[in-house]
Amino acid sequence: MNYMKYLSIFFFEIGAIRPPSEGGSCSLLIRLTRNCPWSRCKFCYGTIYNREKFQLRTVEEIKKDIQSAEAIADEIKEVSNQLGYNGQINTAVASTIIRREPDLSESQCFIMVFNWLISGGSTVFLQDADSLIMRTPELIEVIKYLKETFPSIERITSYARAKTIYSKTLEELKGIRAAGLNRLHVGLETGDDELLKYIDKGVTAEQHITAGRKAKEAGFEYSAYVMPGLGGRTFSEQHAKNTARVLNEIDPHYIRLRPFIPRTGTPLFDEYMSGKFQITSPHERLREIKTMIEALNLTSNLCFDHMMNGWRKKSGEVLFTQDYEGYKFPEEKGRVLELIEEGLRVSESIHINAKDMVALPYL
Ligand code: SF4
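All of these numbers come straight from a predicted model, not from anything done at the bench.

Engineer: Report on the pairing of strand β5 (residues 155-159), specifying residues and quantitative values.
Structural biologist: With 5 of 5 residues buried, β5 is to be regarded as a mostly interior element. Across the two faces of β5 the burial is the same, with R155, T157 and Y159 and I156 and S158 all buried. Relative to β5, strand β4 (residues 123-127) is paired through 4 bridges, and the arrangement is parallel. The residue bridging V124 from the neighbouring strand is I156, located in β5. With respect to chirality, the unit in which β4 leads through helix α6 (residues 136-149) into the neighbouring parallel β5 is right-handed.

Engineer: So, helix α5 (residues 108-118): which residues are in play, and what are the values?
Structural biologist: The complete set of buried residues in α5 reads C109, F110, M112, V113, F114, W116 and L117. Turning to α5, the residues buried within the fold contact β1 (28-31), α3 (59-82), α4 (91-100) and β4. Positive backbone phi, approximately 110 degrees, marks G120, located one or two places after α5.

Engineer: Let's hear about the site of the ligand: which residues, and what values?
Structural biologist: Of all residues adjacent to the ligand, which total 11 residues, the nearest are C36, C41, F43, C44 and Y49. Partitioned by chemical class, the residues of the shell around the ligand number 6 nonpolar, 2 polar and 3 charged.

Engineer: Requested: an account of the environment of D130, with residues and values cited.
Structural biologist: Tracing the backbone through its elements, the reader meets D130 in the loop between β4 and α6. Separated by 220 residues in the primary sequence, D130 and I350 have C-alpha atoms spaced 37 Å apart. Beyond its immediate chain neighbours, meaning those up to four positions away, D130 contacts P37, Y159, A160, R161 and T164. Within the structure, D130 has its side chain in polar contact with the backbone nitrogen of R161 (distance 3.0 Å).

Engineer: Give a description of the nonpolar core that names residues and reports values.
Structural biologist: L28, I76, I165, I293 and F320 are the most contacted members of the largest nonpolar core, which totals 91 residues. Among residues more than four places away in sequence, those in contact with I293 are L302, F329, K333, V336, L337 and I340. Listed in part, the 18 residues of the second largest apolar core include L195, I279, M308 and A354.

Analysis parameters
Residues numbered from 1 in each chain as written. Predicted model: local features only at pLDDT ≥ 70, side-chain atom pairs only at ≥ 80, totals over all residues. Heavy atoms only, no water. Buried < 20%, exposed > 50% of the residue type's maximum accessible area, 1.4 Å probe, protein only. Helix = DSSP H or I, 4+ residues; strand = E, 2+ residues; numbered from the N terminus. Pairing = 2+ DSSP bridges. Right-handed = clockwise from strand over helix to strand, strands pointing away. Contact = heavy atoms within 4.5 Å. Near = heavy atom within 4 Å. Nonpolar A, V, L, I, M, F, W, Y, C, P; charged D, E, K, R; others polar. Polar contact = N/O pair within 3.5 Å; in protein donor to acceptor, adjacent residues only side chain to side chain. Core = buried A, V, L, I, M, F, W, Y, C linked by side-chain atoms within 4.5 Å.

Bear in mind that shape data such as this cannot, by itself, settle questions of function.
In structure tokens, the structure reads:
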């Protein structure tokens, strides 16, 4: 095998981001669409996807990418067999391949497929921002092809806009679920209609509820992302209370907190710089989360699985666990509220402050 052959056959497109939980499980990334079809949310526009135009990819293009991932996986397994490891993937296999083709150490596709296989080859994340916007029969065809190509796959997940889920029929969603898509990662951000309008999310609280319930009825695991601090001081209380209301109505499997940072280049950053948007302090955010949690009456896992949930204990340790399963409600609701009180007793200067994070790349 020579490197030119690797380059031509072993390349497939990889989009910019995936949820941290998919990084943790070393998921294989397969790009179904490019960028975001909405590209208007005020806290996001101008960042990761929105400098580029949205594009649907054809089924043929996506299948070619899956074939390239398969070719890499086959080559890795062949070297494993040559070395007497019986298809088992280990670092000796990687070292042998890299010794033969040193340039592969810089191939993102090779490294990803290797890490995926060594982690069990069981999870896949479909990129980019809203895979469900594909025509349903085409999406189903791609998912089925992916599962046929890699029978080891146990879980396939994707980002999806609530408005897109809302627009699909229950039958369509059931068909997509039956094909093998298990979990939807959805940016709820807030359940407050005034704030949803202000940030131009393109969805109402009632549409969020309908979308969440419909996806759950179709059999999806629902992972809802909430953004503490998104409303600044102006909307803080109504953001907390109405987000709790919407979450209670959906009862998602996961609630993942992603505290707001005014990112350079976004309309909200400009409003922050001009003084129109008043960013909340670490303690104000803890109080906002407290208000939301006190009103939660659901069975979700509440997760702080992002570095921006950087509140600290007096000892300097991170206040909340940042693992991907988080805290199980209602059993651990009291524990989370206790931790919030502990965080409020610590000086604000010890906690991560969104004001200091404006230049942080999108993670
Ligand atoms: S937050 Fe999501 S839907 Fe909104 S512009 Fe960004 S990627 Fe698109």
